[in-house]
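Residues per chain are reported as follows:
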Amino acid sequence: MNVLAPRRGLSFGEVVARHHARGELVVQPRMGFADPGRMTRGLLATRSARAATVGTITIDSYTRVGDHEAARAALAAGADLNGYPLVDHDPVTTTALLDGVLTGDFPVQVRHGSADPRRIVRALLGFGLHATEGGPVSYCLPYSRMPLSAAVDNWRRSCETLAEARGPELEPHLETFGGCMMGQLCPPALLVALSVLEGMFFWRHGIRCLSFSYAQQTHAGQDEEAVAALHALIREYVPHARTHVVIYGYMGVYPRTPGGALELIAESARLAARTGASRLIVKTTAEAHRLPTVAENVTALEHAAEAARGVSRIGRLGDTGIHAQAKALVDNVLSLDADLGRALVTAFARGQLDVPFCLHPDNAGRARGRLADDGRLEWQRIGAMPLGDLVDLPGDRRMTSNDLLDALRYVERSFDEKYGLPGIETVNRLTQGSRT
Amino acid sequence: MTIEAVQPMLPDAGLDVIVTGLSSDAHTWNLVYLELLLEELGCRVTNLGACVPDATIVRECVTRRPDLLVISSLNGHGRQDGVRLMEAFRARAELVTTPVVIGGKLDVTGGSNAARLLEAGFDAVFEDSAGLTPFRTFLRTLSVRAPGVPLGAG
């Protein structure tokens with residue numbers, strides 16, 4: 001691939017920081033199309049949406065797992081892919097695409113889901129891009145069977161590649177995906193801890209501009225406390241990096257009705273605004289049914305931006321112990337080994353980090369999350385995690401398959417029941433973003 | 001009281017079951033759900049998880065010799081990935097009669113594609129739309145049949 005000069009323009013972190021300073025929440029879609037024309041239209045529509053936006057190119061799943069032969073075969077056959085094959089498209093095509101959409105204050109982030117992103121990182125740098133996301137734990141355990149030690153090594157090298165590209169006109173940016181483990185039923189303290197640990201891993205391997213994710217869960221008050229804990233731990237553990245917090249709109253089973261989906265999107269935007277997060281990855285009303293269209297994405301971006309507008313940051317928060325739990329998990333990992341990658345592998349091998357319901361061979365699988373009656377996500381079991389002094393566990397009641405379905409569908413059910421069949425005036429109110 | 005609760009209780013199936021996803025499918029919650037369901041029905045479950053290569057599924061089944069292999073697929077590649085798996089699976093002498101079922105969103109529309117999966121070597125195909133009753137019935141049939149008698153032999 002021809003290596004291009006870095007594209008002139010502000011870095012991803014700088015663009016987000018400028019919007020934040022103006023009080024604007026940056027909204028961003030998940031968006032990836034194999035067809036370059038459609039990808040271009042998607043990015044241009046994102047850029048011109050009535051909101052502070054940054055662009056996304058989401059990679060297809062063949063590229064995600066490194067099956068470049070399948071990606072090239074699909075392109076040759078004209079078959080559709082579920083994302084943009086950045087590594088295997090003709091570089092001339094991708095260069096033209098980016099020339100048409102990038103501007104000084106509209107950067108594009110590459111989102112991919114890969115436990116081995118080395119080729120993807122080289123490719124994006126080759127096109128003059130500099131922002132991507134993921135993590136050695138969060139893109140290994142839920143989505144692959146790759147040994148965690150191998151993913152740690154892949155991510156270390158990818159960080160180093162990104163860091164080497166740093167220059168006066170290019171500040172590489174990396175976002176943790178650790179705030180989203182499994183999408184559902186992972187108690188917030190572990191999400192916060194993994195997001196912080198992945199960010200520290202990036203920092204130690206040379207990345208200076210970072211964002212830390214947290215995915216909206218089942219209870220707004222609990223999510224606010226979790227994001228506050230995330231901010232505090234970032235200040236404590238990564239004080240010298242340029243950082244911001246990014247909220248992911250709910251990543252579990254989505255409401256099926258437009259009314260329910262719109263209100264859940266608005267709630268994710270209010271969560272971001274109230275907690276001082278700078279950026280929101282936005283879901284759409286099509287989420288429960290299929291991959292969203294460009295138009296559905298733009299509608300959702302504008303809806304989210306409107307919902308966040310004028311919402312002020314909250315000052316006082318409850319403390320149910322999320323910060324203390326997350327800090328205990330982080331400190332324990334740091335005590336295991338001076339090398340953070342090895343420390344993460346050791347922590348999972350000993351079950352001292354243990355993601356509920358994750359079936360990866362390197363995850364102990366002894367911890368369990370549960371939904372309390374008030375909608376908060378709590379621990380049912382903590383396995384070998386060092387949280388014994390910090391958590392009151394309920395009686396050990398066996399979760400049935402029906403309990404699991406109920407918990408997985410709690411958000412879908414509650415938003416559909418409450419907002420599912422609105423009259424037209426309710427739709428207007430929601431789409432105009434007024435707050436309840 | 002639910003409808004399930006007034007039905008006569010199923011006898012514990014008592015089966016050793018392997019649950020797995022297929023190589024290209026990263027979905028996990030379906031596998032967690034099946035594990036809990038099968039345990040409630042008295043099965044002992046080994047869950048191989050998501051994104052499992054064909055060779056790993058074959059190796060685990062040769063080693064563990066389960067009473068049943070349950071495959072769940074949601075990413076729409078279930079038909080092609082399932083057919084490919086069965087070529088390797090049924091080629092092993094130890095696994096010729098091992099019961100194997102597949103279910104989920106298989107990109108299977110109508111009987112002709114289900115027939116293709118049956119022809120490839122699956123003992124049953126459970127479409128997403130049909131609910132759980134056919135699967136439960138299949139398990140009961142499996143748990144009461146004489147050991148060593150292949151499915152469909154009687």
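What you see is a predicted model; the values in this text were computed from it and never measured.

J.: Just checking my understanding: could you explain the overall build of chain A for this structure?
T.: Counting secondary structure elements, chain A contains 16 helices and eleven strands. Rg of the C-alpha trace for chain A: 21 Å, near the compact-globule value of 22 Å for 436 residues, within the 12% margin. Along the three orthogonal principal directions, the C-alpha set of chain A runs to about 60 × 60 × 45 Å. By the burial criterion, 55% of the 436 residues in chain A qualify as buried. Look at the contacts in chain A between residues 6 or more apart in sequence, and 74% of them connect residues 24 or more apart.

J.: Please explain the sheet that holds strand E7 (residues 209–215) of chain A as it appears in this structure.
T.: Strand pairing within a sheet occurs via backbone hydrogen bonds; the two strands may be parallel or antiparallel. Residues and elements named next belong to chain A. Pairing is parallel in the open sheet, where nine strands are placed in the order E2-E1-E9-E8-E7-E6-E5-E4-E3. The open sheet has two edge strands with one neighbour each: strand E2 (52–53) and strand E3 (55–58). Where strand E4 (residues 108–111) meets strand E5 (residues 131–134), two bridges bridge the pair, whose relative direction is parallel. Across the sheet, the residue bridging to Val-110 is Thr-132, located in E5.

J.: Would you take a moment to explain the pairing of strand E10 (residues 367–371) of chain A for this structure?
T.: On any regular strand, side chains alternate: one points to one face of the sheet, the next to the other face. Residue and element names in this part refer to chain A. Burial analysis of E10 places five of its five residues in the buried class, which makes it a mostly covered element. Taking every second residue as pointing to the same face, both faces of E10 are buried, with Ala-367, Gly-369 and Leu-371 on one and Arg-368 and Arg-370 on the other. Examined bridge by bridge, E10 and strand E11 (residues 377–382) share five bridges and lie antiparallel to one another. Note that in E11 the partner of Arg-368 across the bridge is Arg-381. Here E10 hands over to E11 after five residues, with Gly-375 in that stretch at a positive phi of 90 degrees.

J.: Before we go on, may I ask you to explain the nonpolar core in this structure?
T.: Generally speaking, a soluble globular protein has its nonpolar side chains buried in company with each other. Residue and element names in this part refer to chain A. Residues Val-192, Val-196, Leu-230 and Ala-304 are the most contacted members of the largest nonpolar core, which totals 171 residues. At twelve residues, the largest contribution of residues to this core is made by helix H8 (residues 188–204). Among residues more than four places away in sequence, those in contact with Val-192 are Tyr-214, Ala-226, Ala-229, Leu-230, Leu-233, Ile-322 and Ala-326.

J.: Explanation requested: the confidence of the model for chain B in the structure shown.
T.: Low-pLDDT stretches of the model should not have their predicted coordinates read in fine detail. Per-chain confidence: chain B averages 83 in pLDDT, with 81% of residues scoring 70 or above. Confidence drops under a pLDDT of 50 for residues 1–9 of chain B, and excluding neighbours within four residues, the segment shows one contact in the predicted structure.

J.: Help me understand unusual backbone geometry in this model?
T.: One non-glycine residue, Met-182 of chain A, lies in positive phi territory at about 70 degrees. For Cys-51 of chain B, which is not glycine, the phi dihedral falls at a positive 55 degrees. Inspection of the secondary structure assignment puts Cys-51 of chain B in the loop between strand E2 (44–47) and helix H3 (54–64). Given 24 C-beta atoms within 10 Å, Cys-51 of chain B falls into the buried group.

J.: Sorry if this is basic, but what is going on with helix H7 (residues 148–164) of chain A here?
T.: Residues separated by three or four positions in an α-helix point in the same direction, a consequence of the helix having 3.6 residues per turn. Residue and element names in this part refer to chain A. When the terminal C-alpha atoms of H7 are compared, their 24 Å separation across 17 residues agrees well with the 24 Å that a helix rising 1.5 Å per residue should span. Looking at H7, one finds that the buried residues are Leu-148, Ala-151, Val-152, Asn-154, Trp-155, Ser-158, Cys-159 and Leu-162. All buried residues of H7 lie within an arc of 165 degrees about the axis, which places them on one face of the element. Buried residues belonging to H7 abut helix H6 (118–126), strand E6 (173–176), H8 and helix H13 (340–349).

J.: Got a minute to help me understand helix H9 (residues 220–237) of chain A in this structure?
T.: The end-to-end C-alpha distance of H9 of chain A, which contains 18 residues, comes to 26 Å, matching closely the 26 Å that a straight helix rising 1.5 Å per residue would cover. Looking only at H9 of chain A, the buried set comprises Gln-222, Asp-223, Glu-225, Ala-226, Val-227, Ala-228, Ala-229, Leu-230, His-231, Leu-233 and Ile-234 of chain A.

J.: Help me out: how do you make sense of the interface of chain B and chain A in this one?
T.: Interfaces are often sized by the accessible area lost when the parts come together. At the junction of the two partners, chain B supplies 14 residues and chain A supplies 14 residues. Tallied by class, the residues present in the side of chain B that touches chain A amount to ten nonpolar, three polar and one charged.

J.: I'm lost on the sheet that holds strand E4 (residues 100–104) of chain B in this one. Help?
T.: Residue and element names in this part refer to chain B. Overall, parallel pairing links the five strands, which are arranged E2-E1-E3-E4-E5 in an open sheet. The sheet is open, and its two edges are formed by E2 and strand E5 (124–127), each paired on a single side. Adjacent strand axes in the sheet meet at a mean angle of 20 degrees when their direction is disregarded. Sheet analysis places strand E1 (residues 16–20) next to strand E3 (residues 68–73), joined by four bridges and oriented parallel.

What counts and what doesn't
Residues numbered from 1 in each chain as written. Chains lettered and ligands numbered in written order. Predicted model: local features only at pLDDT ≥ 70, side-chain atom pairs only at ≥ 80, totals over all residues. Helix = DSSP H or I, 4+ residues; strand = E, 2+ residues; numbered from the N terminus. Rg over C-alpha atoms; globule rule 2.2 N^0.38 Å. Buried ≥ 20, exposed ≤ 12 C-beta atoms within 10 Å, placed from the backbone. Contact = placed C-beta atoms within 7 Å. Pairing = 2+ DSSP bridges. Core = buried A, V, L, I, M, F, W, Y, C linked by C-beta atoms within 7 Å. pLDDT = per-residue confidence, 0-100. Expected span 1.5 Å × (residues − 1). Arc of directions from axis to C-beta. Nonpolar A, V, L, I, M, F, W, Y, C, P; charged D, E, K, R; others polar. Axes fitted to C-alpha atoms, helices over the stretch in contact; angles between N-to-C directions.

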